[in-house]
Amino acid sequence: MSRRFVAIALILVFGSIAAFASVRLERHAESIDSSESLLYLPNGKHLKAASMGQAPLLADLIYLWAIQYYAVYEREDRYRYVEHIFSGVITELDPQYTDAYWMGALILIVEGQDLEAGLRILERGMELNPDSWMLPYLAGWECFHASSFDRAERFFKMAEAIPGAPSYVRRTRIGMASKSGDHRRAYAMWLEVLQDPEADATTNRVAERQLRHLKIKIDIEEMESWVSRFRDENGRNPRSVRELVSAGYADAVPLDPFVREYSYD
């Protein structure tokens, strides 16, 4: 009972402190240029020592306060202290607070257009939570949205290697190889999945579908290269794919995944 009473009392105390600090901060910000406003929060290590064993609770309170603070879009300096608040304070108080890493990264990447700063927060979370597949998975998606497919694949690979990662993480990783334009490597990776006896039925269906799509892309790329070589050497386009074969540009007429000849115009 006494521990419960202490926890309730701490909630009230920290809530009052957060409210008071917020009012003081707003008044201070109104008196000076907003670009010079500061977030008066010490490092999380110091706050943790002063939290009387209630560091996760204090992290929750600061997290809620930070969301309110960063919801004011008119602040000119709103991205300036995001790393300090989310990586240096909240997650120092509670290193397993994965939502805080994600929220801080979102603010910097989506709103602040600063991919590197957001990834630093997520990578800090990965360092302190090596058993969490979610953080590298989220980092992979942010790299995907930035069209950095090679980097996204590396993060997805990290997530896939962590025990407990769902099967779709592997599928997403392979998808990045295809997105980067390396269709042959993606084909080989999907073939490996299809041959994996531990792959589930859903993954096998996805692999079969992706292999069909990739085969078509690879075949078209090859045929385009044959046509280009034929045109450069003969001054005209070939009349058919069979002419490419008879002229020695291809060993055989390629067939699509349904064992049909490709149409050629």
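Before reading further, recall that the structure is shown in the block above.
Residues numbered from 1 in each chain as written. Predicted model: local features only at pLDDT ≥ 70, side-chain atom pairs only at ≥ 80, totals over all residues. Heavy atoms only, no water.

### Examining the nonpolar core
For clarity, the threshold we go by: Take the buried Ala, Val, Leu, Ile, Met, Phe, Trp, Tyr and Cys residues and link them wherever side-chain atoms come within 4.5 Å; each set so joined is a nonpolar core. Working definition: with a 1.4 Å probe on protein chains only, accessible area under 20% of the residue-type maximum means buried, over 50% means exposed, and in between means partly exposed. Secondary structure is summarised from DSSP: a helix means a run of H or I of at least four residues, a strand means a run of E of at least two, and numbering begins at the N terminus for each.
Core analysis: the largest hydrophobic core is formed by 42 residues, its most contacted members being I62, Y70, F86, I90, L93 and L122. Looking at this core, the elements that each hand over two or more residues are α3 (55-70), α4 (82-93), α5 (98-111), α6 (115-128), α7 (134-145), α8 (149-160) and α9 (167-179). Counting residues per element, this core draws most heavily on α3, at 9 residues.

### Observations regarding the packing of α7 against α8
In plain terms, the rule: Orientation is described by axes fitted as lines to C-alpha atoms, over the contacting stretch for helices, and by angles from 0 to 180 degrees between their N-to-C directions. The labels follow the angle: roughly parallel below 35 degrees, roughly antiparallel above 145, roughly perpendicular from 65 to 115, and oblique for the rest. Helix crossings are classified by the rotation of the near helix relative to the far one: an anticlockwise turn of less than a right angle makes the crossing left-handed, while a clockwise turn makes it right-handed. Note on definitions: a residue-residue contact is assigned when non-hydrogen atoms from the two residues lie within 4.5 Å. The classification used treats Ala, Val, Leu, Ile, Met, Phe, Trp, Tyr, Cys and Pro as nonpolar, Asp, Glu, Lys and Arg as charged, and all other residues, Gly among them, as polar.
At a closest axis distance of 8 Å, the pairing of α7 and α8 adopts a crossing angle of 165°. In terms of orientation, α7 and α8 fall into the roughly antiparallel class. Judged by the twist between their axes, the crossing of α7 over α8 is left-handed. In this structure, α7 uses P136, Y137, A139, G140, W141, C143 and F144 to contact α8, whose residues at the interface are F149, R151, A152, F155, F156, M158 and A159. Of the residues that constitute the contact of α7 with α8, the class distribution is 12 nonpolar, 1 polar and 1 charged.

### Here's the deal with α5
We count it as follows: Each helix should span, by expectation, one fewer than its residue count multiplied by 1.5 Å.
Taking 1.5 Å per residue, 14 residues should reach 20 Å; α5 reaches 19 Å between its end C-alpha atoms and fits that length. When we look at burial in α5, the residues that qualify are A100, Y101, G104, A105, I107, L108 and I109. Where α5 is buried, its residues meet α3, α4, α6 and α7. The first or second residue beyond α5 is Q113, which carries a positive phi of 55°.

### Notes on the packing of aromatic side chains
To keep it simple, the criterion reads: Here a Phe, Tyr or Trp ring, Trp counted by its six-membered ring, pairs with any other such ring whose centre lies within 6.5 Å, and the pair is stacked when the planes are under 30 degrees apart, edge-to-face when over 60, and tilted otherwise.
Within this structure, the stated rule accounts for 11 aromatic pairs. Between Y63 and F86, the ring centres sit 6.3 Å apart and the planes meet at 90°, which makes this aromatic pair edge-to-face. Here the residue Y63 occupies a position in helix α3, and F86 occupies one in helix α4, the gap between them amounting to 23 residues. The same class applies to Y63 as to F86, namely buried. When the ring of W133 is compared with that of Y137, the centres are 5.5 Å apart and the planes differ by 70°; the resulting orientation is edge-to-face. Aromatic ring contacts, followed pair by pair, group W133, Y137, W141, F144, F149, F156 and Y168 into a single cluster.

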